[in-house]
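# Chains, contacts and geometry: an overview
Residue strings, one per chain:
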Amino acid sequence: MLLFFTLGLLVHFVLFISIFDIYFTSPLVHGMTPQATALPPPARRLVLFVADGLRADKLYELEEDGVSRAPFLRNVIMHKGSWGISHTRVPTESRPGHVALIAGFYEDVSAVAKGWKENPVEFDSLFNESKYTWSWGSPDILSMFAKGAHGNHVYTHSYNAEDEDFGSHDATKLDTWVFNNVKDQFHAARNNQSLFSKLNEERVVFFLHLLGIDTNGHAHRPSSREYKDNIKIVDDGVKEITSLFEQFYGNDGKTAFIFTSDHGMTDWGSHGAGHFSETLTPIVTWGAGIKYPEKVSTQKFADNFLKEWKLENWKRRDINQADVAPLMASLIGIPYPLNSVGTLPVDYLNSTDLFKAESMLTNAVQILEQFKVKMTLKKEATLSFWFTPFKLLSDSKQVDMLRKARLYIKQGKFDEVVSLCKELIELALRGLSYYHTYDRFFLGTNVALGFMGWIAYASLLIIKSHSNLTSGVRKEVKQPSRLLPCSFAALGVIIAFFLLIQACPWTYYVYCLLPVPIWYAVLKDFQVIQDLFTTLLTFPLCPFAGYLLVFTLGIEILVLSFFYRYMLTAGLIGFASWPLLTQLWTRAKVASLSWTFFSLLLAVFPLMPVVGRNPAIHLVMCAGLLVLLLSLFVVTSLTKKGNNFAKEELLMHLLQMLSIALSMYVVFNTNSSLLKKQGLPLLNQIVSWTVLVSSLVVPLLSSPLLFQRLCSILTSLMSTYILLSTGYEAFFPLVLACLMFVWIHMEQEALQQAGVSCNQKLTSIQFCYNTDISQFRQLHLDDIRRAFFLVFFLLIAFFGTGNIASVNSFDLASVYCFVTVFSPFVMGALMMWKILIPFVLVMCAFEAVQLTTQLSSKSIFLIVLVISDIMALHFFFLVKDYGSWLDIGTSISHYVIVMSITIFLVFLNGLAQLLTTKKLYLCGKPKSHLS
């Protein structure tokens, strides 16, 4: 069995990472020739302002008194330049947003997941193509583009990472630091001839990364006065820098300015998903080569923003975020970034029609170069008779379109050139997508075959080793045939040879060869399959169809809960009626009523808002008070026993009560400190981390008696959960744990109702490190329900108070008791532990269910494995590579979540066993295990 679990983990790991090879491969190719327009550019230098986390509406809208909170940029829109909305893509995070702006392509998720500080993939950027680039701002962003630049022409000036403090009294200092350092450099240049000469070169870029708005948005939310005041400070700073450049360069009219944002922010202070508040960012441009404002009488847009912002008479020019890179390259006359997929927005340019046409043709050739390289690479790696080219853009059509574009330029038909180049760019981008996803169907088919084979193999193992389903069938011993292994061996050799001659990556061998041994293991037990069908034919048709229908309906409810959280509520309402449907209420009325009550109470949580919650510290305090009362009840019960055992437990329970009280104080005090903008007190931070660490050790000091140990685990984990809570979710683990306690009672009653005698009373059962294997029984049909309950409760733990499939469900305020300085990995780890705490509670309760119902953890795990794999297969087929980016990202995240449940179930089971069975002793006594 150990070999099976090892192989199972290996198979699931392969199936898990397959999604990244199929959907998350890098779109970048190398080997293109740089493309630049030969005509003189309109600007010598470019200034790029990126206000991190700035929403379009918060910049453009007016205050209540009708005054703009960004008067300088408003004046630019009306009198100096062009404006619009820049549409970003998911994930709406700082790294991919800046890559889209400065490099012109949308970074794949696998690259984003590798970190913020360095380049996981090599790519060309505007900075790399420039003569010189000076940048100021966050070290996380600036280092991305400096490391990949060739030569020594990209200069970075950044503050310390510790300054990015969400609890800081004044996050605007991040932006004023940038503005002040820019001014200091230009003042210093007057006395530094070398710097002065560099600043006066052509093709120079200045990048100002402004993080204050994003920091204030996370800390105080975009509707706060801090966020809005920060916009005013940024507007003043942009005005000062613009004036500084005009003075330094003697108003030569050769400076182009672009103001935009990498992403927006939700009302609740997060970003990462596809809500319009995250994907709609502002873009305001002015200066050399930029078109002046254009007054219009009507504008056709699907939204009502123009009327809301009082900008309906100034022409709005919307673009995609990646279009900013070719616009900037065109303005200063440098080659377009090699991997850029942006389309030059010629409507922003104030230049000759010839320059627009030449620039557009250069843009088309640059993207067509990527298409040619991508096609060549795929053609070389595919057998000639197997290769299917992209038919909409053949070689002859490429030549014809380019020839026609150059002819139009000679004839002065510049509008036709722009139109034709846009068509060519669209076809080239579709071709890039075609070749990027060329192997997707082939790989997906092989992974699906592996999935189905593994589900069949695990099901057969359950039937063979853990049930009596085929015991009544007469078995004839047959000599094993050599035809089957030889056939599968030959099939494996053919597949490997086919991949070898196509020079496929080594991962292709794994995905394509994995189904071969799995299906061999399934078909090798053909006799068991035959016996199974023989047994099933003896079952009455109606009950069998009923069981199959209920099982299928249960699986579909689990799948639908990923899309509609209220399906969890529907499932819990169904759970509430379980005692009535099975007549359990006649055996245990109090337990049945408790089960119904807590099921209905837990059913409320999926109906609560996922995101957008305002902090409600008083609810956290109430939850802490309830846990204190529960602990007091346990202490009172132990004391009443009046024996040495109860006295020994008393100290441990008092420590846990103190931990809960400290957590409540830290939450209240930290919230007050942050509201006063005094930051996170050091003492509170020390207490929080101490409580977190101790919460995993203190339960090991408690009695191994079943309910006492579970109460200890709940109290300890709740002390940490309170520190990580901001509102109603603090009640969730408590209600879930109450339902788990009742579930343990109900399962023992259900077992006795089925005629299985229980040797011990529930109150006297102890968790044991070593369990007698002879106590385990074979699986019954009712055990499928127990496994289904486990999977359902795990999903409740996932989605009960939030949707972790959506990045913007995470509220950074949850971790402010531990850390306020921006640290994505520490913050992510803390929020992941918050998600895992309900998981641990469910798994600890299930340990008790296994113990009381005499179930082998191996056998029940196999059933859970089959259920979760059937769900994962659902999501594998539901993965989208079309539609909105939000739909694509959500479908993939669902698959990842289900596969993570399967893989980490073993880890969670081990953690639950550690917390329930281990026993530590104080006062120097040695460790021991009860048996």
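Note that the coordinates shown come from a computational prediction; the quantities given were computed from them, not determined experimentally.

This paragraph deals with the environment of L650. By the secondary structure assignment, L650 is in helix 28 (residues 644–675). Taking relative accessible area as the criterion, L650 reaches 31% and is therefore assigned partly exposed.

This brings us to the pairing of strand 1 (residues 45–51). A large share of strand 1 lies buried, amounting to seven of its seven residues. Taking every second residue as pointing to the same face, both faces of strand 1 are buried, with R45, V47, F49 and A51 on one and L46, L48 and V50 on the other. Here strand 1 runs beside strand 5 (residues 204–210); their pairing, made up of seven bridges, is parallel. For V50, the partnering residue across the bridge sits in strand 5 and is H209. With six bridges joining them, strand 1 and strand 6 (residues 255–260) adopt parallel strand pairing. Bridge assignment links R45 to a residue of strand 6, and that residue is T255.

Strand pairing in a sheet takes place through backbone hydrogen bonds and is either antiparallel or parallel in direction. Within the open sheet, the eight strands sit side by side as 4-3-5-1-6-7-2-8. Their pairing is mixed. At either margin of the open sheet sits one strand with a lone partner, and together these are strand 4 (154–158) and strand 8 (319–320). Of the pairings in the sheet, the one linking strand 3 (residues 132–137) to strand 5 comprises five bridges and is parallel in character. Bridged to Y132 within strand 5 is V204.

We now examine unusual backbone geometry. The bulk of non-glycine residues show a negative phi, and the bulk of peptide bonds are trans. Notably, R203 is not glycine yet its phi reads approximately 55°, a positive angle. With respect to the helices, strands and loops of the structure, R203 is situated in the loop between helix 9 (193–199) and strand 5. Look at R203 and you get partly exposed, because its relative accessible area is 31%. Of note, the phi angle at N251 is positive, near 50°, even though the residue is not glycine. Along the chain, N251 turns up in the loop between helix 11 (225–248) and strand 6.

On to the environment of F13. For F13, the position within the fold is in helix 1 (residues 2–23). Its relative accessible area of 46% is what places F13 among the partly exposed residues. Separated by 886 residues in the primary sequence, F13 and M899 have C-alpha atoms spaced 8.4 Å apart.

Right, let's get into the packing of helix 3 (residues 71–79) against helix 11. The geometry of helix 3 relative to helix 11 is characterised by a closest axis approach of 7 Å and an angle of 60° between their N-to-C directions. Here helix 11 runs oblique to helix 3, going by the angle between their axes. Contacts from P71, F72 and L73 in helix 3 reach K232, D235, V238, K239 and T242 in helix 11. Of the residues contributing to the contact of helix 3 with helix 11, the split by class is four nonpolar, one polar and three charged.

If you look at the biggest cluster of nonpolar residues, it comprises 157 residues, and the most contacted ones within it are W595, F793 and M871. The element that contributes the greatest number of residues to this core is helix 33 (residues 824–852), accounting for 16 residues. Aside from chain neighbours lying at most four places away, what touches W595 is F575, A576, W578, P579, L739, V742, W743, M746, F789 and F793. Formed by 68 residues, the second largest nonpolar core is a distinct cluster that contains V99, Y348, F355 and Y408.

Mapping S138 onto the fold places it in the loop between strand 3 and helix 7 (139–147). Exposure remark for S138: the relative accessible area of 2% places this residue in the buried category. If we ignore the near neighbours within four places in the chain, the residues touching S138 are S158, Y159, E164, H209 and L211.

Attention shifts here to the packing of aromatic side chains. Scanning all chains against the criterion turns up 68 aromatic pairs. Each ring, one from F789 and one from F793, has its centre 6.1 Å from the other, and the planes form 65°; the classification is edge-to-face. Taken together, the positions of F789 and F793, both in helix 32 (residues 782–799) and four residues apart, correspond to about one turn of that helix. You'll find F789 and F793 in the same group, each marked buried. Lying across the ring of Y106, R89 places its NZ or CZ 3.9 Å from the centre. Over the ring of F301 we find R316; its NZ or CZ atom is 3.9 Å from the centre of that ring.

Calculation rules
Residues numbered from 1 in each chain as written. Predicted model: local features only at pLDDT ≥ 70, side-chain atom pairs only at ≥ 80, totals over all residues. Heavy atoms only, no water. Helix = DSSP H or I, 4+ residues; strand = E, 2+ residues; numbered from the N terminus. Buried < 20%, exposed > 50% of the residue type's maximum accessible area, 1.4 Å probe, protein only. Pairing = 2+ DSSP bridges. Axes fitted to C-alpha atoms, helices over the stretch in contact; angles between N-to-C directions. Parallel < 35°, antiparallel > 145°, perpendicular 65-115°, else oblique. Contact = heavy atoms within 4.5 Å. Nonpolar A, V, L, I, M, F, W, Y, C, P; charged D, E, K, R; others polar. Core = buried A, V, L, I, M, F, W, Y, C linked by side-chain atoms within 4.5 Å. Phe/Tyr/Trp six-rings, centres within 6.5 Å; stacked < 30°, edge-to-face > 60°. Lys NZ or Arg CZ within 6 Å of the ring centre and 35° of its normal.

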